[in-house]
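Topology and contacts: notes
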Number of protein chains: 2
Amino acid sequence: MPDTHDCPGCAAPDLAFAAHDHAHCSHDALERAEALTAATGARLTPVRRRALEILLEEHKALGAYDVLARLAAEGFGNQPPVAYRALEFLVEQGLAHRIQRLNAFTACVHPGEDHAPAFLICRACHTVAEAEASGARQSLEAEAARAGFQVERTTIEALGLCPNCRGQA
Amino acid sequence: MPDTHDCPGCAAPDLAFAAHDHAHCSHDALERAEALTAATGARLTPVRRRALEILLEEHKALGAYDVLARLAAEGFGNQPPVAYRALEFLVEQGLAHRIQRLNAFTACVHPGEDHAPAFLICRACHTVAEAEASGARQSLEAEAARAGFQVERTTIEALGLCPNCRGQA
DNA sequence: TCTTGACCTGTTATGATATTACATACATAG
DNA sequence: CTATGTATGTAATATCATAACAGGTCAAGA
Ligand SMILES: [Zn+2]
Ligand SMILES: [Zn+2]
Ligand SMILES: [Zn+2]
Ligand SMILES: [Zn+2]
């Protein structure tokens, strides 16, 4: 691993909406994915790796069938399970997230960091930013606890306008 | 409106998981729905009203096709748009909510109260409770604001075990 | 070496969720 | 009563997701 990961591009918060070196951003995420899977013994096979690369191309969410079309065009299988299985693997490994509101998937920008993600979805440019939801998650858990409810998984998403698209309205 | 709405059954928080007079609970919600729609001029037609009654039967989320089957059995149309349109109306009027995680709909238990709902979804008994999400929502908006993102709609849902089902595990 | 078993990939088929487009009915304002 | 907007009904289609099974790869263990 040549990159010791101490570069300015990675430090910026809320990367997705800000101008940033996305080539670095995505390359870095891929490298971390390789390191992580190597460490846990999970197998980042060619389809899975390629699916992740596709998700990493942009800070958007892609539907399973979008990913499938891309994979099929590159010689992988062209039936839905091919995409769903690769995406399921990525989600399980914490390398991608499912965006419930869009029935779609987006690459994780903090792989391996054990974070509570919230997603900010721009309804104009469809950019999806991964924000920190630990505060919201704590509030939600506190409220759930009052009802005796034990939280296992949370979905925290916001739909609205990103800073770039706000300016144009 | 005979009911002046000052009864113990309604005051309890987190109704869905607690034992409560659900006949009252649902009857009350329906009455409020009528008052609200009358006040705004929205038309709570027979299909729409019936769809709401169906959602109110239990504190669960029903898929559009479940609602459709019920409606069709009672003489309403049996094509998907019949259900989707009625549900869309209810959601627009704040009489029902969509549960993104389940691709399903649940009746609002606080119609007309302008609240920020979070949903607690039991993975065992499939009960869906509507909790207060104002804290979580504020955290989320604060985080979004740091990124310059303007929140318009939020999805805040938790999947886990309700107090009743926890006891049995 | 051969076999076994775990896992991955691929395919067919089907199921589940949701929308578009168009036709008909029905209210109410003019 | 007639025009207009709104609501309902239907057919057709689009989109999202899974079940079930077949074949391939690879490494552990007989
Ligand atoms: Zn980037
Ligand atoms: Zn935008
Ligand atoms: Zn109730
Ligand atoms: Zn339960």
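Structure's up top.
Let me sum up the structure you'll find in this document. (Residues numbered from 1 in each chain as written. Chains lettered and ligands numbered in written order. Predicted model: local features only at pLDDT ≥ 70, side-chain atom pairs only at ≥ 80, totals over all residues. Heavy atoms only, no water.)

Our next topic: the packing of aromatic side chains. Two descriptors summarise a pair of aromatic rings, namely the distance from one centre to the other and the angle between the planes of the rings. Within this structure, the stated rule accounts for 4 aromatic pairs over all chains. Seen from their ring centres, F17(A) and F149(B) are 5.6 Å apart, and the 15° between their planes marks the pair as stacked. One end of the pair, F17(A), is in the loop between α1 (8–11) and α2 (22–40); the other, F149(B), is in the loop between α6 (134–146) and β5 (150–161), on a second chain. Just as F17(A) is buried, F149(B) falls in that class too. Of note, R48(A) hangs over the ring of F89(A), and the distance from its end group to the ring centre comes to 4.0 Å. (Phe/Tyr/Trp six-rings, centres within 6.5 Å; stacked < 30°, edge-to-face > 60°. Helix = DSSP H or I, 4+ residues; strand = E, 2+ residues; numbered from the N terminus. Buried < 20%, exposed > 50% of the residue type's maximum accessible area, 1.4 Å probe, protein only. Lys NZ or Arg CZ within 6 Å of the ring centre and 35° of its normal.)

On to the sheet that holds strand β5 (residues 150–161) of chain A. Across the sheet, 6 strands lie side by side as β4(A)-β3(A)-β5(A)-β5(B)-β3(B)-β4(B); this open sheet has mixed pairing. Each end of this open sheet is capped by a strand with a single partner; those strands are β4 (128–132) of chain A together with β4 (128–132) of chain B. If you compare each strand with its neighbour and ignore which way they point, the axes differ by 25° on average. Strand direction decides the pairing type here: β5(A) and β5(B), joined by 11 bridges, are antiparallel. Residue L159(A) lies in a different strand from β5(B), and its bridge partner there is R153(B). (Pairing = 2+ DSSP bridges. Axes fitted to C-alpha atoms, helices over the stretch in contact; angles between N-to-C directions.)

Where interface size is quoted, it is often the accessible area lost as the parts come together. Contact with chain B, which involves 38 residues of that partner, is made by 38 residues of chain A. Our count for the contact surface shared by chain B and chain A stands at 2 salt bridges. Here E152(B) and R123(A) are joined by a salt bridge, their closest N and O atoms 2.6 Å apart. Across the chain B-chain A interface, the total number found is 16 residue pairs in polar contact (both at pLDDT 80 or more). Those elements that place two or more of their residues in the side of chain B that touches chain A are β3 (117–122), β4, α6, β5 and α7 (163–168) of chain B. No other element matches β5(B), which puts 12 residues into the side of chain B that touches chain A. A class-by-class count of the residues in the side of chain B that touches chain A yields 19 nonpolar, 9 polar and 10 charged. (Contact = heavy atoms within 4.5 Å. Salt bridge = Lys/Arg side-chain N within 4 Å of Asp/Glu carboxyl O. Polar contact = N/O pair within 3.5 Å; in protein donor to acceptor, adjacent residues only side chain to side chain. Nonpolar A, V, L, I, M, F, W, Y, C, P; charged D, E, K, R; others polar.)

With that settled, the discussion passes to the layout of surface pockets. Approximately 670 Å³ is the volume found for the largest pocket. What lines the largest pocket is a set of 26 residues, and nearest its centre among them are V91(B), H97(B), P117(B), R153(B) and T154(B). Breaking the lining of the largest pocket down by element, the ones donating at least two residues are β1 (96–99), β3 and β5 of chain B. A total of 6 residues in the lining of the largest pocket trace back to one element, the largest contributor, which is β5(B). Of the residues belonging to the lining of the largest pocket, the class tally is 9 nonpolar, 9 polar and 8 charged. Here the second largest pocket is characterised by a volume of approximately 550 Å³. Along the walls of the second largest pocket sit 23 residues, with V91(A), H97(A), P117(A), R153(A) and T154(A) positioned nearest its centre. Where the lining of the second largest pocket is concerned, the elements lending two or more residues are α5 (80–92), β1 (96–99), β3 (117–122) and β5 of chain A. Per-element tally for the lining of the second largest pocket: the top contributor is β5(A), with 6 residues. (1 Å grid on protein atoms, 1.4 Å probe; cavity = no way out; pocket = protein on both sides within 12 Å on 5 of 7 lines; lining within 4 Å. Points joined across faces, edges and corners; volume = space filled by probe spheres on them.)

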